[in-house]
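Okay, here's what each chain looks like letter by letter:
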Amino acid sequence: KMEQEEKELNLSLTNDALFKDYYSNPDNLSVLLSLILGIKILPDEIIYENNEIISLAKGKKTRFDLRISLVNNYDIDLEMQNKNEIAFKDRAIYYMSSLIMSNLKSGGDYRTNKYYIGIWLLNTPSQVYKDLKYMKVYTISDENNEELIENKYRIIFIDLKKLEYCDNIEIKEYLSMIKSNDNIKRNLYSNNIFIKEAAVNMNNYTELSKTIDLALEELRQRLDYNTSRNEAKEEGIEEGKKKKQK
């Protein structure tokens, strides 16, 4: 049962290494951010920042998956979360706080023109709230639920397992490809040019990854074979020396 649960939690394109590698390409990342934020983001507007900072709370490290700045004063933390964790909401708030604190300088002003956004792609059921449908956006608000600070601080949770609730066809199809290689293959023939191009990019990337994996496996086997052969050769030489001595 645990193996089955672990299998269900895996995202085809978004284990830590592949996720960071794929979205370290501005062309790929601009598509994802444009869809989620609902604003047009061009690749040349994206600036990749240092992905790790040290926060003040007992020296605990905050390691961002991808930290991005946009030229129009957006500071974004993009996270892939494929495992259920205790106190997950608190973790998301902590990451957002770390994002903000990293921009504060001693003696500086708290006021800022920046927009801080934390985006979490989830693949576990009921990770935030049981009533989470597909996407939920949290903002700082007062007791009357009026947004404060001009909506400058937002945490966006997206549950990839609940995409059936999404009524935006483009973002639904795109995010489904992050979740499943089968959906990538299906969308290679999409009538939507935008989705088709994204599918081609993802497919090329996954095929390249497979090629690299096969090459590495072949290299490993060759090294293992050569090592075994050399060890056998050395053992034969050593055995010959012993026979000669006798």
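First, a word on scope: everything that follows refers to the structure included in this document. The structure presented is a predicted model; accordingly, all values stated were derived computationally and were not measured.

### Points about the packing of aromatic side chains
In step 1: Using the criterion set out here, one finds seven aromatic pairs in the structure.
In step 2: Taking 5.2 Å as the distance between ring centres and 20 degrees as the angle between the ring planes, the aromatic pair formed by tyrosine 74 and tyrosine 115 counts as stacked. Remark: tyrosine 115 occurs in strand β6 (residues 115-122) and tyrosine 74 occurs in strand β5 (residues 74-81); sequence separation between them is 41 residues.
In step 3: These aromatic residues form a ring-pair network of at least three members: Phe19, Tyr22, Tyr23 and Tyr205.

### Let's talk about the layout of surface pockets
In step 1: Roughly 180 Å³ of internal volume is contained in the second largest pocket.
In step 2: If you go around the second largest pocket, you meet 13 residues; those closest to its centre are Asp16, Asp65, Met80, Gln81 and Arg91.
In step 3: Elements with a minimum of two residues in the lining of the second largest pocket: α2 (16-22), β5 and α4 (88-101).
In step 4: The leading source of residues in the lining of the second largest pocket is β5, at three residues.
In step 5: By residue class, the composition of the lining of the second largest pocket is three nonpolar, two polar and eight charged.

### Concerning the pattern of salt bridges
In step 1: With the rule as written, the count across this model stands at three salt bridges.
In step 2: The partner of aspartate 75 in a salt bridge is arginine 67, and the shortest N-O contact between them spans 3.0 Å.
In step 3: For aspartate 75, a relative accessible area of 0% gives the class buried.
In step 4: Taking relative accessible area as the criterion, arginine 67 reaches 8% and is therefore assigned buried.

### Quick look at the environment of phenylalanine 19
In step 1: Position of phenylalanine 19 relative to the elements: it lies in helix α2.
In step 2: The class of phenylalanine 19 is buried, set by a relative accessible area of 1%.

### Here's the deal with empty space enclosed by the protein
Space left empty within the atom packing is revealed by a probe, the size of a water molecule, rolled over the atoms.
In step 1: Scanning the entire structure with this criterion turns up one cavity of 30 Å³ or more.
In step 2: Volume-wise, the largest cavity comes out at about 30 Å³.
In step 3: Tyr22, Asp27, Asn28, Val31, Tyr174, Ala198 and Asn201 are the residues that line the largest cavity.
In step 4: Of all the elements, helix α3 (residues 26-37) adds the most residues to the lining of the largest cavity, at three residues.
In step 5: Partitioned by chemical class, the residues of the lining of the largest cavity number four nonpolar, two polar and one charged.

Calculation rules
Residues numbered from 1 in each chain as written. Predicted model: local features only at pLDDT ≥ 70, side-chain atom pairs only at ≥ 80, totals over all residues. Heavy atoms only, no water. Phe/Tyr/Trp six-rings, centres within 6.5 Å; stacked < 30°, edge-to-face > 60°. Helix = DSSP H or I, 4+ residues; strand = E, 2+ residues; numbered from the N terminus. 1 Å grid on protein atoms, 1.4 Å probe; cavity = no way out; pocket = protein on both sides within 12 Å on 5 of 7 lines; lining within 4 Å. Points joined across faces, edges and corners; volume = space filled by probe spheres on them. Nonpolar A, V, L, I, M, F, W, Y, C, P; charged D, E, K, R; others polar. Salt bridge = Lys/Arg side-chain N within 4 Å of Asp/Glu carboxyl O. Buried < 20%, exposed > 50% of the residue type's maximum accessible area, 1.4 Å probe, protein only.

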